[in-house]
Amino acid sequence: MDAASAASSSIKGVMENVEQPHVLAVDDSLIDRKLIEQLLINSSCKVTTAENGRRALEFLGLGDDQSNTLEGRVSKVNLIITDYCMPGMTGYELLKRIKESSVMKEVPVVIVSSENVPTRINKCLEEGAQMFMLKPLKQSDVKKLRCHLMNS
């Protein structure tokens, strides 16, 4: 590869990172995680997955043993999508922890659930969720998210 090609490909790599939002997808169901991951990849997103709220907090630098994390060590994500019903820590509890963090509170959080429970939806939105979506997610849902990401 000559110098011009190398420079061109490194610029392309930088541009891809700028254009490719990083989404953290949290769901205890492997099937749902894989579905969300594939839909996001199809929409040109970089995806990191976590199987529960505790792992998500660890990835974000907000785990119990990371309470004094320096801002530089916090993982940069543009959006967090989390299931509502998960063992150990619900999506609602994860949302609250994220919104309590001075470093992460501006990151949009989308809650997904297979259950359409208006009180649950309202509770999440009042706590700061950007959106509440019903499972199973479709490509059109992710396109809405992608538009939202590009506008924020």
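Residues numbered from 1 in each chain as written. Predicted model: local features only at pLDDT ≥ 70, side-chain atom pairs only at ≥ 80, totals over all residues. Heavy atoms only, no water.

Caption draft 1: Spatial organisation of the nonpolar core. Counting residues in hydrophobic clusters, the biggest one holds 24 residues, and the most contacted among them are Leu24, Val26, Leu60, Ile80, Met104, Ile111 and Cys124. Counting residues per element, the ones that place at least two in this core are strand 1 (22–26), helix 3 (53–60), helix 4 (91–100), strand 4 (109–113) and helix 5 (118–127). Of all the elements, helix 4 adds the most residues to this core, at 4 residues. The next biggest cluster of nonpolar side chains, apart from the first, holds 16 residues, and it includes Val23, Leu40, Cys45 and Val47. (Core = buried A, V, L, I, M, F, W, Y, C linked by side-chain atoms within 4.5 Å. Buried < 20%, exposed > 50% of the residue type's maximum accessible area, 1.4 Å probe, protein only. Helix = DSSP H or I, 4+ residues; strand = E, 2+ residues; numbered from the N terminus.)

Caption draft 2: Examining the environment of Asp28 more closely. You can see Asp28 is positioned in the loop between strand 1 and helix 2 (30–42). For Asp28, a relative accessible area of 35% gives the class partly exposed. Each C-alpha atom, one on Asp28 and one on Gly53, is 8.8 Å from the other, the two residues being 25 residues apart in sequence. Residue contacts for Asp28: discarding those within four places in its chain leaves Arg33, Glu51, Asp83, Cys85, Met86 and Pro87. (Contact = heavy atoms within 4.5 Å.)

Caption draft 3: Inspection of the side chain of Ser113 at higher detail. Mapped onto the secondary structure, Ser113 falls in strand 4. Side-chain polar atoms of Ser113 contact the backbone nitrogen of Glu115, separated by 3.0 Å. Excluding residues that lie within four positions of it along the chain, Ser113 makes contacts with Asp83, Tyr84, Arg120, Phe132, Met133, Leu134 and Lys135. (Polar contact = N/O pair within 3.5 Å; in protein donor to acceptor, adjacent residues only side chain to side chain.)

Caption draft 4: Seen up close, the sheet that holds strand 1. The parallel open sheet is built from 5 strands, whose spatial order is 2-1-3-4-5. Each edge of the sheet is formed by a strand with only one pairing partner; in this case those strands are strand 2 (46–50) and strand 5 (131–134). Taking each pair of neighbouring strands and ignoring which way they run, the sheet shows an average axis angle of 20°. When strand 3 (residues 79–83) meets strand 4, the two strands line up parallel, connected through 4 bridges. Directly across from Thr82, in strand 4, lies its bridge partner Ile111. Across the face of the sheet, helix 5 comes into contact with strand 4 and strand 5 while running at roughly 150° to strand 5. (Pairing = 2+ DSSP bridges. Axes fitted to C-alpha atoms, helices over the stretch in contact; angles between N-to-C directions.)

Coordinates in, geometry out; function isn't part of it.
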